[in-house]
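Listed here are the chains, written in short residue letters.
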Amino acid sequence: GRSSGCWATIDPVRVGGDNFAMPIFLKVGDYFYLKDCIYMNIEQDKIYPVVVGKIKQHHITQLVIERNTDTSLKKVLEDMCSAQGIGFCNMEEIYTYEKKEVRITNQQSNIKTQLRFPAQHLYSQASEMGRFMYDIVGFSWDMSKNQHDDSIDAVTMFCETLLGGKMQQYATVGTFKR
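Bear in mind that the values here come from a model prediction, so they are computed numbers and not experimental data.

This paragraph deals with the overall build of the chain. If you tally the helices and strands in the chain, you get six helices and six strands. Buried residues in the chain amount to 44% of all 178 residues. Residue pairs at least 24 apart in sequence account for 67% of intrachain contacts in the chain once pairs closer than 6 positions are excluded. As displayed, the chain has an accessible area near 9,500 Å², and 51% of this comes from carbon and sulfur atoms.

Here we come to the environment of Trp7. With respect to the helices, strands and loops of the structure, Trp7 is situated in strand E1 (residues 2-10). On a C-alpha basis, the gap between Trp7 and Lys35 in space is 9.9 Å, while along the polypeptide they are 28 residues apart. Ignoring any residue separated from it by four or fewer positions in sequence, one finds Trp7 in contact with Pro23, Ile24, Phe25, Phe32, Ile60, Thr61, Gln62, Phe158 and Leu162. Engagement of the side chain of Trp7 in a polar contact is seen with the side chain of Thr61, the distance being 3.5 Å.

Before going further, it helps to examine the pairing of strand E4 (residues 60-66). Most of E4 is tucked away, with seven of its seven residues classed as buried. One ladder, built from five bridges, connects E1 with E4; its direction is parallel. If you follow Thr9 over to E4, its bridge partner there is Val64. When E4 meets strand E5 (residues 90-94), the two strands line up parallel, connected through five bridges. By the bridge assignment for E5, Leu63 is matched with Met91.

Across the interface, helix H4 (residues 128-137) lies against helix H5 (residues 150-163) with an axial gap of 7 Å and an inter-helix angle of 85°. With respect to each other, H4 and H5 are oriented roughly perpendicular. Across the interface between the two elements, Phe132, Asp135 and Ile136 of H4 pack against Ser151, Ile152 and Val155 of H5. Grouping the amino acids of the contact of H4 with H5 by side-chain chemistry returns four nonpolar, one polar and one charged.

With respect to the secondary-structure elements, Glu98 resides in the loop between E5 and helix H3 (100-114). Not counting residues up to four positions away in its chain, the partners in contact with Glu98 are Arg103, Asn106 and Glu160.

Here we come to the packing of helix H1 (residues 44-58) against helix H2 (residues 73-83). Interaxial distance between H1 and H2 falls to 10 Å at its minimum, and their mutual angle equals 50°. Considered as vectors, H1 and H2 are oriented oblique to each other. In the crossing of H1 with H2, the sense of the turn from one axis to the other is right-handed. Residues Gln44, Tyr48, Pro49, Val51, Val52 and Ile55 of H1 form the contact with H2, whose own contacting residues are Leu73, Val76, Leu77, Met80 and Cys81. Residue composition of the contact of H1 with H2, by class: 10 nonpolar, one polar and no charged.

The strand order across the open sheet formed by six strands is E5-E4-E1-E2-E3-E6, and the pairing between neighbours is mixed. Two strands lie at the open edges of the sheet, namely E5 and strand E6 (115-116), each paired on one side alone. Docked against the sheet, H4 engages strand E2 (20-28) and strand E3 (31-40), running at close to 110° with respect to E3. Packing against the sheet, H5 makes contact with E1, E2, E3, E4, E5 and E6, and its axis sits at approximately 125° to E1.

Reading the values: rules and limits
- Residues numbered from 1 in each chain as written.
- Predicted model: local features only at pLDDT ≥ 70, side-chain atom pairs only at ≥ 80, totals over all residues.
- Heavy atoms only, no water.
- Helix = DSSP H or I, 4+ residues; strand = E, 2+ residues; numbered from the N terminus.
- Buried < 20%, exposed > 50% of the residue type's maximum accessible area, 1.4 Å probe, protein only.
- Contact = heavy atoms within 4.5 Å.
- Areas by Shrake-Rupley, 256 points an atom, 1.4 Å probe, with all protein chains shown as cover.
- Polar contact = N/O pair within 3.5 Å; in protein donor to acceptor, adjacent residues only side chain to side chain.
- Pairing = 2+ DSSP bridges.
- Axes fitted to C-alpha atoms, helices over the stretch in contact; angles between N-to-C directions.
- Parallel < 35°, antiparallel > 145°, perpendicular 65-115°, else oblique.
- Nonpolar A, V, L, I, M, F, W, Y, C, P; charged D, E, K, R; others polar.
- Left-handed = near helix turned anticlockwise from the far one by under 90°.

Right, dumping it as structure tokens:
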């Protein structure tokens with residue numbers, strides 16, 4: 001059956017050349033279909049309203065945010081969603097510890113078997129979705145050749161957290177009692 005809401009992940013901008021990457025997947029039957037994305041080289045604070053718009057547009061119920069730099073992203077998005085009466089989006093933050101190449105290698109099978117991507121001819125290569133897809137298929141294991149690996153990184157995070165069930169694992173981690 002078709003899911004009632006979409007799931008998404010966010011790989012935020014770290015340095016000037018990075019893209020803010022947010023793939024949005026819809027579960028239909030046994031597969032997750034890439035329905036939309038945000039893929040922009042833009043200052044982080046300018047992206048907030050775009051993200052909230054996508055949460056509303058696609059009824060995103062699960063959102064995993066990588067928390068390697070900006071610790072306020074989740075809070076800002078939750079506050080903006082709340083101000084617009086959006087209460088259906090469960091947001092979680094995760095840290096990624098492993099090297100990107102290891103993470104992508106570990107999820108390669110899930111990416112190929114569990115996810116479905118739009119046909120290449122449906123989007124112009126200059127469009128957001130076109131650039132997102134181009135950077136996935138253009139990914140090289142020689143990491144020095146990857147100008148933009150933000151899209152494959154965000155897709156990998158989707159598989160690690162939302163497909164792999166790690167989100168629940170991360171969500172329950174608390175502080176140690178002394």
